[in-house]
Amino acid sequence: YGIDAMAAYSSAICDALLTTFLFSIAAGWTLPSSVVSVNTENVNALQRYILTNFSHPTSMSFLMLAGIVTVLFMILAQWGRMYSDDFDSYHELDHWPGRILVWMRLVLGLMFLGAVRQTSRQSPVGLRKFYTKFTVAGAVWFWSLPFFAWTTSWAIPSYLRRNVVFLGTFVLQSILLGLLSWLVTAHH
């Protein structure tokens, strides 16, 4: 039971870390400040806030986002364990923690798209190709869990859903992690 609980919490922490990592790159982390300087004519207040406060992983806003996302994912992991001892259960739509997690991933994916879109617009032409690939990989990472959870809820018999969601998200997210690693480390 203890090891299974630690697996659930570790999974939640990994999801939170990857979420904040994707947000930081989407908001322009590692880019010179001249590249991500905000042109007030082309952005709304939310985009301006994201670009100015989340492009630095040491900023208070970014640390607060990372902390809130981590705590929420941990709470959902523990709450999901109350329905089942299996650590994968918090990824399911069968109970409220799973539903909340799916909706959080959808909302975080939309926020990610807003940040990466604005950063891409302000980036030099040479970086736009990177941001196009990064946008697709990041969006698929955020939305793979909701996609598999919703698809299996109507297309797969209930006794197979957990395995299909687990296997589908595991394979797809593993491929995406490899692609994201390649994108941020490859030098062309």
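As a starting point, this report considers the structure included with it.

Rules of the game
- Residues numbered from 1 in each chain as written.
- Predicted model: local features only at pLDDT ≥ 70, side-chain atom pairs only at ≥ 80, totals over all residues.
- Heavy atoms only, no water.
- Helix = DSSP H or I, 4+ residues; strand = E, 2+ residues; numbered from the N terminus.
- Buried < 20%, exposed > 50% of the residue type's maximum accessible area, 1.4 Å probe, protein only.
- Contact = heavy atoms within 4.5 Å.
- Areas by Shrake-Rupley, 256 points an atom, 1.4 Å probe, with all protein chains shown as cover.
- Core = buried A, V, L, I, M, F, W, Y, C linked by side-chain atoms within 4.5 Å.
- Salt bridge = Lys/Arg side-chain N within 4 Å of Asp/Glu carboxyl O.
- Phe/Tyr/Trp six-rings, centres within 6.5 Å; stacked < 30°, edge-to-face > 60°.
- Lys NZ or Arg CZ within 6 Å of the ring centre and 35° of its normal.
- Axes fitted to C-alpha atoms, helices over the stretch in contact; angles between N-to-C directions.
- Parallel < 35°, antiparallel > 145°, perpendicular 65-115°, else oblique.
- Nonpolar A, V, L, I, M, F, W, Y, C, P; charged D, E, K, R; others polar.
- Expected span 1.5 Å × (residues − 1).
- Bend = angle between axes of the 7 residues up to and from the residue.
- Left-handed = near helix turned anticlockwise from the far one by under 90°.

Things to note about the overall build of the protein
Piece 1. Looking only at helices and strands, the protein has six helices and zero strands in total.
Piece 2. Starting at the N terminus and walking to the C terminus, you meet the elements of the protein as α-α-α-α-α-α.
Piece 3. Taking all 188 residues of the protein together, 44% fall into the buried category.
Piece 4. Considering only contacts in the protein between residues 6 or more positions apart, those separated by 24 or more positions represent 72%.
Piece 5. Put simply, the protein shows about 10100 Å² of open surface, and 70% of that area lies on carbon and sulfur atoms.

Some points on the nonpolar core
Piece 1. Judged by nonpolar contacts, the single largest core of 36 residues is most densely connected at Leu22, Phe73, Phe112, Phe134 and Phe142.
Piece 2. Elements that contribute at least two residues to this core include exactly helix H1 (2–26), helix H3 (60–81), helix H4 (96–122), helix H5 (125–155) and helix H6 (158–185).
Piece 3. The leading source of residues in this core is H1, at 10 residues.

Let's talk about the pattern of salt bridges
Piece 1. A full pass over the atoms with the stated rule returns one salt bridge.
Piece 2. Two residues, Arg81 and Asp4, come together in a salt bridge whose shortest N-O distance is 3.4 Å. Taken together, the positions of Arg81 in helix H3 and Asp4 in helix H1 put the pair 77 residues apart, joining distant regions of the chain.
Piece 3. The class of Arg81 is buried, set by a relative accessible area of 4%.

Description of the side chain of Ser120
Piece 1. Within the secondary structure layout, Ser120 lies in helix H4.
Piece 2. Once residues lying within four places of it in the same chain are set aside, the contact partners of Ser120 are Arg128 and Tyr131.

A few points about the packing of aromatic side chains
Piece 1. Scanning the model with the defined rule gives 10 aromatic pairs in all.
Piece 2. The interplanar angle of 80 degrees and the centroid separation of 5.1 Å between the aromatic rings of Trp141 and Phe142 together place this pair among those described as edge-to-face.
Piece 3. Accessibility expressed as a relative area gives 1% for Trp141, which makes it buried.
Piece 4. Aromatic side chains Phe147 and Phe148 sit 5.4 Å apart centroid to centroid with 75 degrees between the ring planes, which places their arrangement in the edge-to-face category.
Piece 5. Each member of the aromatic cluster is reached from another via a ring pair, and the members are Phe23, Phe112, Phe130, Tyr131, Phe134, Trp141 and Phe142.
Piece 6. Looking at Arg99, its charged tip hangs above the ring of Trp96, at a distance of 5.2 Å from the centre.

A look at the environment of Val140
Piece 1. With respect to the helices, strands and loops of the structure, Val140 is situated in helix H5.
Piece 2. Separated by 32 residues in sequence, Val140 and Leu172 have C-alpha atoms that sit 8.6 Å apart.
Piece 3. Beyond its immediate sequence surroundings of up to four residues, Val140 is in contact with Leu172 and Leu176.

Section: the packing of H1 against H4
Piece 1. At a minimum axis separation of 8 Å, H1 and H4 run at an interaxial angle of 25 degrees. Between H1 and H4, the angle is such that the two are roughly parallel. Together, Asp15, Thr19, Leu22, Phe23 and Ala26 of H1 and Arg105, Leu108, Met111, Phe112, Ala115, Val116 and Thr119 of H4 make up the contact between the two elements.
Piece 2. For the contact of H1 with H4, the class distribution of residues is eight nonpolar, two polar and two charged.

Regarding H5
Piece 1. With 31 residues, H5 should cover 45 Å at 1.5 Å per step; its first-to-last C-alpha distance of 42 Å lies within 8% of that length.
Piece 2. At Trp143, H5 is bent by approximately 45 degrees, the largest bend along its length, and proline Pro146 sits one to four residues beyond.

Focus: the packing of H1 against H5
Helix-helix packing is characterised by the crossing angle of the two axes and by the distance between the axes.
Piece 1. Here H1 crosses H5 at 155 degrees, and the two axes come no closer than 11 Å. Taken together, the axis directions place H1 and H5 in an arrangement best described as roughly antiparallel. Of the two possible hands of crossing, H1 and H5 adopt the one that is left-handed. Contact residues: H1 offers Asp15, Leu18, Thr19, Leu22, Phe23, Ile25 and Ala26, while H5 offers Phe130, Tyr131, Phe134, Gly138, Trp141 and Phe142.
Piece 2. Considered class by class, the residues forming the contact of H1 with H5 number 10 nonpolar, two polar and one charged.

Treat this as a map of the structure, not an account of what it does.
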